[in-house]
Structures are given as C-alpha cells and as structure tokens.
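Chain by chain, the residues:
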Amino acid sequence: MMTLSSTRIAVRAGALTAALAAFLCTTATAVSVASAESPSARPAAVQADVPAGVTAGVAVFDRQTGTFTEQLNTAAQFRSASVVKLLIALDVLWNRSPDALSAADRGRIDTMLRGSDDTAASTFWSNNGSGAIVDRMVTRLGLTDTVRPPSTHPGYWGYTALSARDTVKIYRHLLDSAPAATRDYILGDLRQSTRCATDGYDQHFGIAGSFNRPWAVKQGWSGFSSGGCTAPTATTAKAAGAAESAGEPAGTDARTPAGADAVDLSRPALHTTGVVGAGDRSIVAVFTLHPGGTPYGKAYTDIGRLTRSLDVPGASRPAGTWVGTWGSGVRVRTQATTASGAITTLPAGVEVLVGCQKRGQQVSQPPYVNDWWAQLPQYGGYMTNIYLSVPENQVPGVPVC
C-alpha cells in the first residue's frame, strides 16, 4: 500500500489539473487538511464552539423543559437569506387551509420550502405585498428583531433582518399555535428538504448534517459563488448571484440599517434552522457570517462544526468520522468505481462523515494511486480516498466495510 507524507499532501492539489475531469473532479484547489473527528468520542457540548473568524447568533430551545440550552447573540440581526421563506409561507396560509390553495400555489410552497426555490418566493413576495408580508408577520407573531428589507432594496426578500431568537418564535408558533393543517403541511415540506437546492447548492449543512432524522430544516445562504451540488433534479448554480438571488443582488458591499442595528449585507452568510428529535423536541437556529471570500465548502464545514458543538436535547448524532476533503467537483458515486453513477458532487473542501472504507477500483492521479474508497452514509454512496485530506491511503481508525 502506498503511503503519502503530509508534506506531499499539502502540495498535491497543485499537481492535479486536466486529469481531474477524467475521473472525479474538475479543477484542483489548494488542499484543506482537517483532522478526523469522531462524534461518538466527543464529550457532550455545553457551549457553542464558534470557529475562528465566524460571527454567529445561536439559540437552541428545548420544548420539553421550556428552556434554552444555548444562547449566543440571540438578538443579533442577520440578513435572512432564504430563512424568510418561513414567513412568506405562513403569510400565504394565514387564516387559510392548505387545502384551499390552488394547485399552482401549493406547488410553489412545496418547491420553495423543500428546494429553497427563489422563483416561487419572488412570486409570493410580489403578489402579496413585498415588505408588507414581513410587517404583518412581525405583528402576528410578536417578533422583535425582524424588519422588512431596506427601502433601497424593497424587492430583495433575502435582505429581511432576522435573529436567532425571533426564529425560535417562528418555529414555536408553527409547532404550538398554528392550525394543525398548517403545521403539518409546512413541517412536512421541511422534512423533505432536498440535498440539492433548485439553484445547485448543497443545503444539507448544519442541522441536516449534524443530527440523525427526525429533523425538519429551512436553510439560508448568501454571498457564495458556487454550491458544488449537482444531481439530475438540480439546476445549474446561479453564476453571479452568489446567493439565492431573487432575494439578494450580486456583488453588493453595502451595510444597510435595519431597525436599531446595521445588517451586514456583504460577508458571506450561512444559516441553519429547524426542529430536531422525536416530537420535534428542540428548535435550533444558527445564523453565521464568514470572512469575505470564504469558499462555500469552508463555511459549510464551519457551520457544521458549530452545530455539532451545541447542546440539542433529543438529538441523535450520526456515527462515523468527520474528515476533510480537497479538490473541486469531487463526485459521490453509487459504488466504489468511477464507472458507477454519480449521486452528486461535494462542495469544494467540505468535511464529510465517513462510515467505513473498502477497496474498489484503483484510481490514479499521477503520482498518486489509491484503490480505497470511503462510504459516506449521509450521501448513500462512495468517494475515492484520494480526495480525503489524510496522509495515508486508508483513513486511520475507520473500519473496513
């Protein structure tokens, strides 16, 4: 078995160019080495562990005890990105049964909540009063930090200001006060969140990657150039938008007042919100901002680490070992061969949960050769170990399948 030194690992990305497309990836990038982490071996978290350079607002509410187990900058306002789609959906259904929706509107809500579709959100935003939607929901739910988009950007629903504590209020209303039909319909869609959003971004970060089902999630992202997710049902990622863009214009460096605070419209944002555990025991809201230029895979990894550090009552954590990856366009396949079908691609440099590893087709990227493949339980497929950021062909401590 060939063994690669850590020094060679640190530079090998630069050596791979055109050959990447012939196998599993397209354009090589700098190696991002992350230490392997075994969730089962980590002690129970009691405080949010915010990665360096990340600004976060966090709230975890235990519905069984009626208390918060995590609170960090809970009132801080963030641009909502697609999390505001929760308010858009609730507004459509206010005093209205889901059964009363037209087939077209029901289809829009489904794709807006499951695949985070922007066109659907923009249709509701335009038809139902734009910022007035936010104003109505603030009054109805008693929200304190939520503000409609600034007057300079009235059409950009993703610029709605939102906080972690207001997000908990939204989910508490949905779970405890909304009509049962509305609750079941919206949560039913959130439980069917697709890995690939309709704009080509992998949206199973944070809650969806940190905990076993049952969970229901509504995610948000803004300020990234590529989500690295492809599947037969996913469209090509929007090139210039760097966001779920009908709600957020590309390339802005503005900081716009919203309420008493300034909402950062510049730094890349990644948010994970939802409910976790049997009986939807815990409500989790994690809002994050990342340094300018942060790749999507890095932000995806950082919010994953932060979410895994939280005390979330009722949550079940997946077994396996977290390992960094490198390269761009690395494919997850149905079997341990390059000829087998591609399930999706990974965001560049993202951490993945490895369940086990086995020998499969030998993959050669001169001067590197490896016939070990990692099984990724959260994707239901395999990736070649060549693109795992470890110095050996096998991942130390990971069992053989």
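Not measured: the values here are computed from a predicted model.

## A look at the environment of E351
- Relative to the helices and strands, E351 resides in the loop between β12 (342-345) and β13 (352-354).
- For E351, the side chain forms a polar contact with the side chain of R305, separated by 2.4 Å.

## Focus on the pattern of salt bridges
- Tallied over the full model, the rule gives 18 salt bridges.
- Among the salt bridges present, the one from R308 reaches E351, with a minimum N-O distance of 3.2 Å. Taken together, the residues span a long stretch of sequence, with R308 in helix α10 (residues 296-308) and E351 in the loop between β12 and β13 at a distance of 43 residues. E351 carries the same exposure label as R308, and that label is buried.
- Residue R359 pairs with D371 through a salt bridge whose shortest N-O separation is 3.1 Å. Placement of the pair is R359 in strand β14 (residues 356-365) and D371 in strand β15 (residues 368-376), with a sequence separation of 12 residues.

## Thoughts on the confidence of the model for the chain
- Scored by pLDDT, the chain has a mean of 85; 81% of the residues are at 70 or more.
- Confidence over residues 1-46 falls short of pLDDT 50; this stretch has 109 contacts with residues more than four positions distant or in other chains.

## Description of the sheet that holds strand β9 (residues 282-289)
- One open sheet holds the 5 strands; their spatial order is β2-β1-β9-β8-β5, and the pairing between them is antiparallel. Of all strands in the sheet, those with a lone pairing partner are β2 (67-72) and β5 (215-222), marking the two edges. Adjacent strand axes in the sheet meet at a mean angle of 5° when their direction is disregarded.
- The pairing of strand β8 (residues 269-276) with β9 spans 8 bridges and is antiparallel. Each residue of the ladder has a partner; that of A269, found in β9, is L289.
- With respect to the sheet, helix α7 (residues 164-176) is in contact with β1 (55-62), β2, β5, β8 and β9, its orientation differing from that of β9 by roughly 150°.

## Some thoughts on the pairing of β15
- Of all 9 residues that make up β15, 7 are buried, and the element is covered over most of its length.
- Bridge count for β14 against β15 is 7 bridges, and the pairing is antiparallel. Looking across to β15, one finds that S364 is bridged to V369.
- Where β14 hands over to β15, the hairpin turn is made up of 2 residues, counted between the paired strands.
- With 4 bridges joining them, β15 and strand β16 (residues 381-384) adopt antiparallel strand pairing. Counterpart to W373 in the pairing with β16 is T384.

## Structural notes on the nonpolar core
- One finds L310, V352 and M383 to be the most contacted residues of the largest nonpolar core, which totals 47 residues.
- Among the elements that make up this core, the one with the highest residue count is α10 (5 residues).
- By size, the runner-up hydrophobic cluster in this structure holds 46 residues, among which are V84, A216, I283 and F287.

Reading the values: the criteria
Residues numbered from 1 in each chain as written. Predicted model: local features only at pLDDT ≥ 70, side-chain atom pairs only at ≥ 80, totals over all residues. Heavy atoms only, no water. Helix = DSSP H or I, 4+ residues; strand = E, 2+ residues; numbered from the N terminus. Polar contact = N/O pair within 3.5 Å; in protein donor to acceptor, adjacent residues only side chain to side chain. Salt bridge = Lys/Arg side-chain N within 4 Å of Asp/Glu carboxyl O. Buried < 20%, exposed > 50% of the residue type's maximum accessible area, 1.4 Å probe, protein only. pLDDT = per-residue confidence, 0-100. Contact = heavy atoms within 4.5 Å. Pairing = 2+ DSSP bridges. Axes fitted to C-alpha atoms, helices over the stretch in contact; angles between N-to-C directions. Core = buried A, V, L, I, M, F, W, Y, C linked by side-chain atoms within 4.5 Å.

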